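Below are the chains, spelled out letter by letter.
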Amino acid sequence: MKDFNEVIEHVKSKGKKTLSVAAANDKGVLMAVKAAVEKGIVKPILVGREDEIRKISEEIGFELDGVEVIDVEDIKDASLKAVELVSSKKADFLMKGMVDTSILLKAVLDKEVGLRTGKTLSHVAVFFAEKYHKMLIITDAAMNIAPDLDKKREILENSVEFAHSLGIDNPKCAVVCAKEKVNPAMIHTVDAGELVKLNEEGQIKGCIVGGPFALDNAISKEAAIHKGIDHEVAGDADILLMPNIEAGNILYKALSFMSNSESAGVILGAAAPIVLTSRADSEEAKLNSIALAAIHS
Ligand SMILES: CCCC(=O)SCCNC(=O)CCNC(=O)[C@H](O)C(C)(C)COP(=O)(O)OP(=O)(O)OC[C@H]1O[C@@H](n2cnc3c(N)ncnc32)[C@H](O)[C@@H]1OP(=O)(O)O
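Since we're looking at a predicted model, the values are computed, not measured.

J.: Where do I start with the overall build of the chain in this structure?
T.: Within the chain, the regular secondary structure consists of 11 helices and 11 strands. Its C-alpha atoms give the chain a radius of gyration of 19 Å, near enough to 19 Å, the size a compact globule of 297 residues would have. Along the first, second and third principal axes, the C-alpha atoms of the chain reach 60 × 40 × 30 Å. For the chain, the share of sequence-separated contacts (at least 6 apart) that also reach a separation of at least 24 residues comes to 69%. As displayed, the chain has an accessible area near 13,200 Å², and 50% of this comes from carbon and sulfur atoms.

Written out as structure tokens, the structure is:
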């Protein structure tokens, strides 16, 4: 994929999917949903404060005739209802609206109505950044707080499967740390060394894992060469596995707000994909995320 227009065009050919939106009472969310409806990608079900949903929709010219709106005042209840629409197969996938990520994810993990599959759920962010030569997948900026080695492996495997689905057959995965050498005092560099070993032994398949890398060596060939790093992942990563949620989230927000880039974010590993962006992200990022999730629903 060279940009999100290609994603949108691809998803259009797959026909309309039903999107359940949790806490849809937000202008940016409704503008993105409206754009997705106009592009023929989705048929939405809007869950949240109905009076606000209708008021905002009128303001932005979103015609709600034929759109189901489910009035739920409380944000936790709205999240559970939106999730339940997906688990009961009334909707194909889920979108986070004006709700805190943790509240929505707790509903997703709910034992009765949630979307658990037995797999680890994790977030992938996809960026087309002006200064990077190809699509970049960043994981995990939003769900797993402080993954240990086993969790990092599962997060990595989710992202590799995702990359395959986008046509990247053998993604180059950089395990990002604060430096490019294993230091026993820096646990993430130790984990990086272990992940590389697992990949070399064939236990992590379908990708090439390199690391530890500092961020510059992962995304800049020049920086890697300058530091004497000769590895096929260095400077050419498809996937950045971040050490923890802080690092992942800060990189996500830095790229979103300080660079000229297009982005999208989705939670993987659940019974259906979940559109998960920051509430402050642009409508465009939300639309891109809807399209990306629709491909996988
Ligand atoms: C990038 C743009 C968007 C953003 O900026 S997002 C902002 C930052 N993100 C966040 O604040 C969310 C961070 N994560 C969290 O808050 C929590 O980890 C989360 C996802 C809500 C789960 O919290 P809790 O319910 O307290 O978790 P817990 O450890 O007590 O586990 C409860 C049950 O859920 C399971 N679980 C937790 N995380 C999981 C995962 N990733 N995949 C699969 N299952 C998972 C866990 O095993 C446990 O299961 P069980 O009840 O023992 O059967």
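After presenting the structure, the write-up continues.
J.: What's the story with the pattern of salt bridges in this structure? I'm lost.
T.: Opposite charge on two side chains permits them to pair, given that their charged atoms come into close proximity. Per the counting criterion, the structure on display carries 19 salt bridges. Close ionic contact of Arg 153 with Glu 157 constitutes a salt bridge, the shortest N to O distance being 3.1 Å. Of the two residues, Arg 153 and Glu 157 both sit in helix H6 (residues 149-165), 4 residues apart, roughly one turn of that helix. For Glu 157, a relative accessible area of 29% corresponds to the partly exposed category. Connected through salt bridges with shared partners, the residues Lys 134, Lys 172, Asp 236 and Asp 238 form a single ionic network.

J.: Help me out: how do you make sense of the site of the ligand in this one?
T.: Around the ligand sit 22 residues, and of these Lys 106, Lys 111, Leu 121, Ala 142 and Met 143 come closest. Contact distances for the ligand include 3.0 Å between a nitrogen atom and a side-chain N or O atom of Asn 144. For the ligand, whose free accessible area comes to 1,100 Å², the fraction covered by protein is 64%. Of all the elements in the fold, those that place two or more residues in the shell around the ligand are helix H5 (101-108) and helix H10 (245-258). Classifying every residue of the shell around the ligand by side-chain character gives 10 nonpolar, 7 polar and 5 charged. Lining the shell around the ligand are residues from two domains, each supplying at least three of them: domain 1 (4-117 + 270-296) and domain 2 (122-261).

J.: Quick question: what am I supposed to make of the packing of aromatic side chains here?
T.: How two aromatic rings sit relative to each other is set out by the distance from centre to centre and by the angle between their planes. The final tally for this structure, using the stated rule, is 2 aromatic pairs. Here the aromatic rings of Phe 4 and Phe 128 are separated by 5.1 Å at their centres, their planes lie at 85°, and the arrangement is edge-to-face. Taken together, the residues span a long stretch of sequence, with Phe 4 in helix H1 (residues 4-12) and Phe 128 in strand S5 (residues 122-129) at a distance of 124 residues. Accessibility classification places Phe 4 together with Phe 128 in one group, the buried group. Ring centres 5.6 Å apart and planes at 80° place the aromatic pair Phe 127 and Tyr 252 in the edge-to-face group.

J.: How do you make sense of the domain arrangement of the chain when you look at a structure like this?
T.: Where interface size is quoted, it is often the accessible area lost as the parts come together. According to the domain assignment, the chain contains domain 1 (4-117 + 270-296) and domain 2 (122-261). Here the C-alpha centroids of domain 1 and domain 2 sit 28 Å apart. Listed per partner, the contact involves 11 residues of domain 1 and 12 residues of domain 2. Between domain 1 and domain 2 the total buried area reaches about 920 Å² when both faces are included, carbon and sulfur atoms providing 71% of it. The three residues of domain 1 that bury the most area against domain 2 are Phe 4, Leu 292 and His 296, which together make up 41% of that side's buried surface. Taken together, the connections running from domain 1 to domain 2 amount to 0 salt bridges. Split by residue class, the side of domain 1 that touches domain 2 holds 6 nonpolar, 4 polar and 1 charged.

J.: Hey, could you run me through helix H2 (residues 27-38) in this one?
T.: Structural remark: α-helix, 3.6 residues per turn; residues separated by three or four positions point the same way. Taking 1.5 Å of rise per residue, 12 residues should cover 16 Å, and H2 covers 16 Å from first to last C-alpha, within 8% of that figure. Residues of H2 that are buried make contact with strand S1 (17-22), strand S2 (42-48), helix H3 (50-60), strand S4 (93-96) and helix H11 (283-295). Measuring from the side-chain oxygen of the N-cap residue of H2 to the backbone nitrogen of Gly 28 gives 3.2 Å; that N-cap residue is Asp 26. One or two steps after H2, the chain reaches Gly 40, where phi turns positive at roughly 75°.

J.: Got a minute to help me understand the packing of H2 against H3 in this structure?
T.: The relative placement of two packed helices is expressed as an angle between their axes plus a distance between the axes. Running from N to C, H2 and H3 cross one another at 60°; their axes reach a closest spacing of 10 Å. Relative to H3, the element H2 lies oblique. The crossing of H2 and H3 is right-handed. Counting all contacts with H2, which are made through Lys 27, Leu 30, Met 31 and Lys 34, the residues of H3 involved are Ile 53, Ile 56, Ser 57 and Ile 60. Here the residues of the contact of H2 with H3 sort into 5 nonpolar, 1 polar and 2 charged.

J.: Teacher, can you tell me more about the pairing of S5 here?
T.: One face of the sheet, then the other: side chains in a regular strand alternate in exactly this way. Counting buried residues along S5, 8 of its 8 residues qualify, which places the element largely inside the surrounding structure. Where S5 meets strand S10 (residues 261-268), 8 bridges bridge the pair, whose relative direction is antiparallel. Opposite Phe 127, over in S10, you have Ser 263 as the bridge partner. Direction of pairing for S5 relative to strand S6 (residues 136-139): antiparallel, over a ladder of 3 bridges. Its bridge partner lying in S6, Phe 127 is registered against Leu 136.

Thresholds, definitions, all that
Residues numbered from 1 in each chain as written. Predicted model: local features only at pLDDT ≥ 70, side-chain atom pairs only at ≥ 80, totals over all residues. Heavy atoms only, no water. Helix = DSSP H or I, 4+ residues; strand = E, 2+ residues; numbered from the N terminus. Rg over C-alpha atoms; globule rule 2.2 N^0.38 Å. Contact = heavy atoms within 4.5 Å. Areas by Shrake-Rupley, 256 points an atom, 1.4 Å probe, with all protein chains shown as cover. Salt bridge = Lys/Arg side-chain N within 4 Å of Asp/Glu carboxyl O. Buried < 20%, exposed > 50% of the residue type's maximum accessible area, 1.4 Å probe, protein only. Near = heavy atom within 4 Å. Polar contact = N/O pair within 3.5 Å; in protein donor to acceptor, adjacent residues only side chain to side chain. Nonpolar A, V, L, I, M, F, W, Y, C, P; charged D, E, K, R; others polar. Domains from an automatic or database assignment. Phe/Tyr/Trp six-rings, centres within 6.5 Å; stacked < 30°, edge-to-face > 60°. Buried area = accessible area lost by both parts, 1.4 Å probe. Expected span 1.5 Å × (residues − 1). Axes fitted to C-alpha atoms, helices over the stretch in contact; angles between N-to-C directions. Parallel < 35°, antiparallel > 145°, perpendicular 65-115°, else oblique. Left-handed = near helix turned anticlockwise from the far one by under 90°. Pairing = 2+ DSSP bridges.

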